[in-house]
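Here is how the chains run, residue by residue.
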Number of protein chains: 2
Amino acid sequence: MTSSDRIRSATFRSKIMSADEAAALIASGENVGMSGFTGAGYPKAVPSALARRIETANAAGQRFRIGVWTGASTAPELDGALAEVDGVHMRLPYQSDPTCRKRINAGEMEYMDIHLSHVAQTVWSGFLGKLDVAVVEVAGITEDGRLIPSSSVGNNKTWIEQADRVILEVNSWQSEALEGMHDIYYGTDLPPNRKPIPLVRTTDRIGEPYFRIDPAKVAALVETHASDRNSAFTPPDEASCRIAGHILEFLEHEVHKGRLPKNLLPLQSGVGNIANAVLSGLNDGPFEGLTAYTEVLQDGMLDLIKSGKLSCASATAFSLSPDALTELNADLARYRDRIILRPQEISNHPEVIRRLGVIAMNGMLEADIYGNVNSTHLMGSQIMNGIGGSGDFARNAYISIFMTPSVAKDGAISCLVPMVSHVDHTKHDVQVLVTEQGLADLRGLSPKQRAKVTIDKCAHPDYRDALRDYYQDALVRAHGKQTPHILEEALAWHVRYLRQGTMK
Amino acid sequence: MTSSDRIRSATFRSKIMSADEAAALIASGENVGMSGFTGAGYPKAVPSALARRIETANAAGQRFRIGVWTGASTAPELDGALAEVDGVHMRLPYQSDPTCRKRINAGEMEYMDIHLSHVAQTVWSGFLGKLDVAVVEVAGITEDGRLIPSSSVGNNKTWIEQADRVILEVNSWQSEALEGMHDIYYGTDLPPNRKPIPLVRTTDRIGEPYFRIDPAKVAALVETHASDRNSAFTPPDEASCRIAGHILEFLEHEVHKGRLPKNLLPLQSGVGNIANAVLSGLNDGPFEGLTAYTEVLQDGMLDLIKSGKLSCASATAFSLSPDALTELNADLARYRDRIILRPQEISNHPEVIRRLGVIAMNGMLEADIYGNVNSTHLMGSQIMNGIGGSGDFARNAYISIFMTPSVAKDGAISCLVPMVSHVDHTKHDVQVLVTEQGLADLRGLSPKQRAKVTIDKCAHPDYRDALRDYYQDALVRAHGKQTPHILEEALAWHVRYLRQGTMK
C-alpha cells in the first residue's frame, strides 16, 4: 500500500508535495503547532526538512527560529532535529528530548512548562500569541475531506482550528484500523459560552472519529511511511516491583475499608518503568472490571486489556514498545472497542478527571518531608522534562499517588529531602507517597504528622536518621511550628550534592 | 421577635435546650463539623459552652479535645474560645483566628490546610475519619422541617448529611429575608456516580433554598440572637489603590485586545483591603453588566450591586462591615434577586470555575522572581491563615491574578524574593503578578522571561537591584538555566530577616 491510498479525497491530493517544499512554507519567527504525544503521531518528515532549511539559513548568517508547540514529547526527528540546529526560540508544553533538554539547560532555548489541560484554552484565548502553522500527522483522509487521526490526538484539533495554514503528513505506516478509534469532541468553547462536558463514563463517546478541516487552509500534504518512536520495554526492576506491591496492597486495603469500589475507579498512570510495574501488578492482582482514564497507553495497559482485567481505556496517545505495537497493529480491530483516544484537553480536563474520580499515579524526582513534590527540576534549576499532565490529574484525582525509588544515582541522591528544590505539586495535592521502602498515607494529616509518616515509611535507611535529625531540629528551632523548617539548612542536601556529588 | 418564631416545625421545637445542655452532647475525641465562613453564619453559643466544659474537664485533669472542621474562618466565639482552652486536636480547612494561629505555630494544635473545594468530597469519601457531630447555625426552620440557611453556607450541607448527630443554632438576629437566597445543590455524589454540575451562568439556580435534614438526627436546638463577626471597613490605602489601578488598566487592555468580553468574565475576589480597592475601582470604571462567582461578598460587591454595575453575585458567604450589613439587612429583599449563596463545594468547584472562565484575584504573602506564590507561611514555617479557595480559583481561572504590596513591615520585607520560602501556587497557576509598583503579565513566558518582567514591573526600588543581582548571578552560576537558582543563597533573604529583622 502507498500512502496515496490513504488520501481518498481528490481535493486534498492536489496539495501533495515533498517535505522540503512543505517546510519552505514555514517562515522564521512563526509559531508552529505540531502533532505528537509521547513519541506517537508526530510528523516524521517536515520537521527534519525544516531543520535542514534552518541549518542552511544559519550557515548563510540568517537567524531562523520558530516557536514549537506540541501535544507533549515527540522524537529525535522533531525535537532533536530542530534543537540540533538551534531552530527553536520557544518550546511548549512538554519535552523529553536530550538535545532539546541540553539547549534549554544551557539557556539557549526558552521553554514554557504548562499544564497539558491548559494548552488548548490558552491558545484559543490568544494568550500565547498567534499560531501560524500546524504540522499534523494523520493516518488518512476520507472521501469527504475529514482527517483520520494518527496514534496520538494531543492538541491537533486545536492546531488545525487555530492555525492559518495546515501542513498534513499522511503516514501509511500507521494502521488503517485506527479509523473509528478516536473521539474528537467539538463542544469546547471560550467562556462565557462553555457548557458541561457530557462525559460521565470512561467509555462515553461524546464526539466524532475525525478531525474537521477547512480545505482552504491546507497548504501542503506530505506522504510518509515511517514508524513512531518506540522504546523497547524493559522488565521492571526490583524497586519498581516493590513500589507496585505497596500500591496494590494500599488499593486492596481501601476496597476492604469500603472507600473504593471493588473494580476501583478509573486509573491514570504516568509513563515509565514504575508505572508499567504497577500495571503489571494489577494484571496479577485481584481486581476485575478495571477502567483507565489516562494520557498514554503503555504496554501494561494493553496486557490488562488482553487479559480481560481492563474493560476500557481512554487516553490521548499510545506509547508502546515495538513488540506491543506490532501486536496492536496486527490485531487493532480487536482492541478498538476498548480503547478511545481523545484530545488532550479532554483526556486531561479537570472537570472530567474530578467527575470520574480518577486514581492518579505519577512519578516524581523528589518529595520533601511535608509531601511537596518536585516533578521537573534537578537541583532546583535544571529541567528534566516538564510537568506534563501530572498536575491535571493529581489536583483533581480521587486519590493522588506519587512514586519514586527512595534514592537515585546509586544512593548519592535521596529522593526524600528536607525541602524540595522546586515545587510542582504542593502538599495539598499529594495524598500518598510511595517508594520501594513503603507507602505513606498522608490523607487527613497535618504537616508535622505527614513528616513523621513520610520519613518512617518512605525514606531510604541511609538517609532516614538525617531526615529525622533535620525534622527534630526544625521542630525546636523553627520560627513557627506549622511546617517547621530551618531555612539555612533546608536546601543544604542539594548544595552538598552539587559540590560533592553526594547528599551524604 | 424571639427566635422561637423562627422554628415553625413543632417536631423541632421539642429539641430546644440551652447551649450548655447541647455542648454536653459532644464527647472528647469527636470530630465536629461547624458552620461558619469568613465570620458569617458560625454557631454563636454552643462552641463557647463547649469551651467552658473543656476548661472544667482540663482543670479536673481530664484531657478533652475535639476535631474542628468548618467552612472557613469563624470568630473569637468559636475558634478563639476553643483554642484558648486548648480544646482542639485538629483544625481544618482554614482559620484566621489569632489565638488559634498562636497555638498552631507553637506546635500545640494540628492544622491541616486543604483546598476548600476538596473538603466536602474528602469527608464523604471517609478520608478524614468519621464526622460525629454537626453544629450548624440556621436562620430558621420551616413548617415541614427544612432548614433556612444563615449568612454563610460553607460545608453545612455536608456536615448535616455526614454527622451522626446535628446540633442546630437558630439565630433570630439573621435577617428573615435570607429565606430564598440560597441555592443548595443536592446533585453531588461520590464516583463512579458523579454527573455534570448543571451550572452554566453565575445566575443559575440548580438546587433548592433549604437544607434537608432527617429530624431523627437532630440532637439539640439552641436559640440565639447574636450578630455575626464584622469588621469595620477601612478605606483602601494608597498601595491598594495603585494595585487596583494597575488591574483595571490591564482588564481594559484585555478587552481592547479582544481577549475579554466588554463585561469581562465572572469575577472572583479574595477578602481584604486590596480586594475591596479593586472592587471600588470597578465601581468607578468603564465596565457594565459585571458578574461575580466568588467565595465571599464584601462591601465592595454590595456597592457594585447598588450602583447597577454588577448584575449578579454568587458566593458561599457574606463578609460585610457593620454598616454594610445594616444596610443589607434593612433592604435584603432588594438584593435577593442578584445574590446567590451556594455550598462551598459548588462556589469553589473546579468544574464550574473553569467553565465560567473566572477572573481570579487573590492576595499573597510573597512571590518569587519566577512567579511561584506563597499564600500561607511567613518565613517558610509559620502559618498565617491557610490556602482557602485561592488554589481552586487560580488553577481553574481564565486569568489568574495575584497581588500584594511590594514590601511589608515598613520595607523590612520584600514581597518579591529570589525563591519563596513556601509554595502554595506553582508558576503554572500564576499568570499575572501585581504590586503597587506595576503589573507583570507572565502569560506565555519562560521562567527567565518571567524573572525579568517580574523584577522590572513589581519589585520595590529598594530591592530591585538586589533581585537583579541574584538573577544575573544565578544565570551564570546555576547548574541549569531553565530556572536559574543559587541554592546556597535562594532563601538567604528570609534567613537575614529572621536574624536581623530586615531583608535589606
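Residue positions are given per chain, counting from 1 as you read along its sequence in written order. Written order decides the labels, with chains lettered from A and ligands numbered from 1. Restriction of local features to residues with pLDDT of at least 70 applies here, the model being predicted, together with a cutoff of 80 or more for giving and counting side-chain atom pairs; totals for whole chains, interfaces and linings are based on all residues. With hydrogens and water set aside, each side-chain value is computed from the structure's full complement of heavy atoms.

1. Topic: the packing of helix α8 (residues 238-256) of chain A against helix α9 (residues 273-284) of chain A
All names here are of chain A.
- The axes are straight lines fitted to the C-alpha atoms, using for helices just the contacting stretch, and the angles between their N-to-C directions are given from 0 to 180°. We count a stretch as a helix when DSSP gives it H or I for four or more residues in a row; a strand needs E for two or more, and each element gets its number in order from the N terminus. One can describe the packing of α8 onto α9 by two numbers: an axis separation of 8 Å at closest approach and a directional angle of 50°. As the angle between them shows, α8 and α9 are arranged oblique. Crossing angle aside, the handedness with which α8 passes α9 is right-handed. Here α8 contributes Ser240, Cys241, Ile243, Ala244, Ile247 and Leu248 to the contact with α9, which in turn contributes Asn273, Ile274, Ala277, Val278, Gly281 and Leu282.
- Classes in brief: Ala, Val, Leu, Ile, Met, Phe, Trp, Tyr, Cys and Pro nonpolar; Asp, Glu, Lys and Arg charged; the others, Gly included, polar. Taken together, the residues of the contact of α8 with α9 break down into 9 nonpolar, 3 polar and no charged. By definition in this entry, angles of less than 35 degrees are roughly parallel, angles greater than 145 are roughly antiparallel, angles of 65 to 115 are roughly perpendicular, and the rest are oblique. In this scheme the crossing of two helices becomes right-handed for a clockwise turn of the near helix relative to the far one and left-handed for an anticlockwise turn of less than a right angle. The contact definition used throughout considers only heavy atoms, calling two residues in contact when any of these lie within 4.5 Å.

2. Some remarks on the interface of chain A and chain B
- Taken together, the contact between chain A and chain B spans 89 residues of the former and 89 residues of the latter.
- As a working definition, buried area equals the accessible area (1.4 Å probe) given up by two parts on being put together, with both sides summed. Counting the surface lost from both chain A and chain B, the interface buries some 7400 Å², and carbon and sulfur atoms represent 55% of this.
- For the chain A face of the interface with chain B, the top three residues by lost area are Phe127, Arg354 and Arg395 of chain A, together amounting to 12%.
- Salt bridges are defined by distance alone: a side-chain nitrogen of Lys or Arg within 4 Å of a carboxyl oxygen of Asp or Glu. Across the contact surface, chain A and chain B share 6 salt bridges.
- Under this definition, polar contacts are N or O atom pairs within 3.5 Å; protein pairs additionally need one hydrogen-donor-capable and one acceptor-capable atom, and for neighbouring residues in sequence, both atoms have to be side-chain atoms. Joining chain A to chain B, the criterion identifies 40 residue pairs in polar contact (both at pLDDT 80 or more).
- The dominant element in the side of chain A that touches chain B, judged by the number of residues it contributes, is helix α14 (residues 350-356) of chain A, at 5 residues.

3. Observations regarding the UniProt feature "domain: Acetyl-CoA hydrolase/transferase C-terminal" (unreviewed entry) in chain A
- Under the feature "domain: Acetyl-CoA hydrolase/transferase C-terminal" (unreviewed entry), the UniProt entry names residues 335-470 of chain A.
- Each end of residues 335-470 of chain A is marked by a C-alpha atom, and these two atoms are 52 Å apart; helix forms 31% of the span and strand 26%. UniProt positions are given in the numbering used here, feature names are shortened, and annotations may be inferred rather than shown by experiment.

4. Considering the packing of aromatic side chains
Residues and elements named next belong to chain B.
- Side-chain rings of Phe, Tyr and Trp (the six-membered ring for Trp) are treated as a pair once their centres are within 6.5 Å; stacked means planes under 30 degrees apart, edge-to-face means over 60, and tilted covers the remaining angles. In the structure shown here, the tally under the stated rule is 8 aromatic pairs over all chains.
- Centroid distance Tyr370 to Tyr471: 6.5 Å. Interplanar angle 65°. Geometry classified as edge-to-face. In this pair, Tyr370 is assigned in the loop between β16 (366-368) and β17 (373-374) and Tyr471 in helix α17 (residues 461-477), connecting sequence segments 101 residues apart.
- Using a 1.4 Å probe on the protein chains alone, a residue whose accessible area is under 20% of its type maximum counts as buried, one over 50% counts as exposed, and one in between counts as partly exposed. Residue class for Tyr370 comes out buried when judged on its relative accessible area of 0%.

5. So, the relation of the copies chain A and chain B
- Once chain A is rotated about the relating axis by 180° and shifted along it by 0.0 Å, it coincides with chain B to within an RMSD of 0.0 Å. Such a combination of turn and shift is consistent with a two-fold rotation axis. The C-alpha atom lying nearest the rotation axis in chain A is that of Glu351 of chain A; the distance is 2.2 Å.
- A symmetric contact is evident, with 100% of the interface residues of chain A recurring at the interface of chain B. In superposing the copies, a least-squares fit is computed on C-alpha atoms, taking residues whose pLDDT is at least 70 in both.

6. So, the nonpolar core
- In this text, buried Ala, Val, Leu, Ile, Met, Phe, Trp, Tyr and Cys residues form a nonpolar core when linked through side-chain atoms within 4.5 Å. One finds Leu168, Leu264, Leu282 and Ile339 of chain B to be the most contacted residues of the largest nonpolar core, which totals 81 residues.
- Sort the elements by how many residues they give to this core and helix α8 (residues 238-256) of chain B lands first, with 7 residues.
- Setting aside residues no more than four positions away along its own chain, Leu264 of chain B makes contact with Leu251, Val255, Leu282, Phe287, Leu290 and Ile359 of chain B.
- Among the nonpolar cores identified, the runner-up in size contains 80 residues, and Leu128, Leu178, Leu332 and Tyr398 of chain A belong to it.

7. Describing the pattern of salt bridges
- Inspection of the entire model under this criterion finds 68 salt bridges over all chains.
- As a salt-bridge pair, Glu254 of chain A and Arg259 of chain A come within 2.8 Å of each other at their nearest N and O atoms.
- One salt bridge connects Glu208 of chain B with Arg212 of chain B, and the closest N-O pair in it is separated by 2.8 Å.
- The exposure class assigned to Glu208 of chain B is partly exposed, which follows from its relative accessible area of 22%.
- Among the ionic contacts, a cluster of salt bridges with common partners joins Arg63, Arg65, Asp86, Arg103 and Glu108 of chain A.

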